[in-house]
Amino acid sequence: MRIDVLTIFPRMFDAVLGESIIKKAQEKKVVEINIIDLRLFSKDKHRKVDDKPFGGGPGMVMNAEPFFEAVNYIRRKIKDLRLKTRVILLSPKGRKFDQALAVKLSKYEHMVLLCGHYEGIDDRVAEHLVDDEISIGDFVLTGGELPAMAVIDSVARLLPGALGDKDSCKDESFSENLLEYPHYTRPADYSGMKVPNVLLSGDHEQIKEWRKKEAIKATKRKRPDLLK
Ligand SMILES: C[S@@+](CC[C@H](N)C(=O)[O-])C[C@H]1O[C@@H](n2cnc3c(N)ncnc32)[C@H](O)[C@@H]1O
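Criteria and thresholds
- Residues numbered from 1 in each chain as written.
- Predicted model: local features only at pLDDT ≥ 70, side-chain atom pairs only at ≥ 80, totals over all residues.
- Near = placed C-beta within 6 Å.
- Helix = DSSP H or I, 4+ residues; strand = E, 2+ residues; numbered from the N terminus.
- Nonpolar A, V, L, I, M, F, W, Y, C, P; charged D, E, K, R; others polar.
- Domains from an automatic or database assignment.
- Pairing = 2+ DSSP bridges.
- Axes fitted to C-alpha atoms, helices over the stretch in contact; angles between N-to-C directions.
- Contact = placed C-beta atoms within 7 Å.
- Core = buried A, V, L, I, M, F, W, Y, C linked by C-beta atoms within 7 Å.
- Buried ≥ 20, exposed ≤ 12 C-beta atoms within 10 Å, placed from the backbone.

### Some words on the site of the ligand
Step number 1: The local shell around the ligand holds 20 residues, among which L90, G116, G120, G144 and P147 are the closest.
Step number 2: With four residues, the top contributor of residues to the shell around the ligand is strand β5 (residues 85-96).
Step number 3: By residue class, the composition of the shell around the ligand is nine nonpolar, nine polar and two charged.

Quick look at the structure:
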């Protein structure tokens, strides 16, 4: 998968994309991530990308033009590759991101993620440029960079070859509208806190059954809404 991100704060991505599984996924060419400085597409001599809102009100609004220019530039650049592309605006007004949407996005060959700032982006971007608007939850962040990183991380780890063990994302939380069963590792007895005996039994059928029951129990207790 190829992912292009449009942002006015490219350096924010360094730490997250330069560590751990996402770093390895890029090295293994499972995913190619390009962080693009939106200011390169500003026609203003000071590379300004925002302006006062029409109609008045507080704060600044990001101009539509740099986003249109940048997305068109990316489209021209990859035209010959004929990739299945999704252009996504990160926005608190978007549909709520969840695991099912991460799975859907992982089937695309190319994503373009648009990060807003300040009061947000001129609405013509949402109306005419993007395929989807995604929110990572009902709260307001200062910019779309953290939401973009959350989307990249959750989608990239689903791509074939990203995780060391391809079964790691099979029984995970939300995969069957259930939270995942509890995990334990050595020691089996830590200061009197013991690991459930069944996990030490070596009986794989019993372990499977126990895990299913525990997953349902955890979901009922912590996220009953998932069982509805
Ligand atoms: C301060 S917010 C703008 C909020 C906007 N004035 C509103 O009330 O809906 C600036 C940018 O952060 C990003 N953002 C903030 N919260 C977000 C969320 N929950 N999900 C996705 N993006 C978010 C968006 O890109 C947004 O354009």
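### So, the domain arrangement of the protein
Where interface size is quoted, it is often the accessible area lost as the parts come together.
Step number 1: Under the domain assignment, the protein is made up of domain 1 (2-156) and domain 2 (171-227).
Step number 2: Here the C-alpha centre of domain 2 lies 37 Å away from the C-alpha centre of domain 1.

### Quick notes on the sheet that holds β5
Step number 1: If you trace the five strands from one edge of the open sheet to the other, you get β2-β1-β6-β5-β7, paired in parallel fashion. For this open sheet the edge positions go to β2 (32-37) and β7 (132-135), each flanked by a neighbour on one side alone. When strand polarity is set aside, the average angle formed by the axes of neighbouring strands in this sheet is 30 degrees.
Step number 2: Pairing between β5 and strand β6 (residues 110-114): five bridges, direction parallel. Opposite V87, over in β6, you have V112 as the bridge partner.
Step number 3: This element, helix α6 (residues 145-156), spans β1 (2-7), β2, β5, β6 and β7 of the sheet and lies at about 175 degrees to β1.

### Some details on the nonpolar core
Step number 1: Counting 40 residues, the largest nonpolar core has I88, L90, L113, L114 and A148 as its most contacted members.
Step number 2: Counting only elements with at least two residues in this core, the list comes to β1, α2 (20-27), α3 (64-77), β5, β6 and α6.
Step number 3: Looking at which element gives the most residues to this core, the answer is α6, with six residues.
Step number 4: When neighbours within four sequence positions are excluded, A148 is seen to be in contact with V5, L90, L113 and C115.

### Observations concerning the pairing of β1
Step number 1: The element β1 is extensively covered by neighbouring structure, given that five of its six residues are classed as buried.
Step number 2: With six bridges joining them, β1 and β2 adopt parallel strand pairing. Note on β2: the bridge partner recorded for D4 is N34.
Step number 3: Pairing of β1 with β6, which is carried by five bridges, proceeds in the parallel orientation. Opposite V5, over in β6, you have L113 as the bridge partner.

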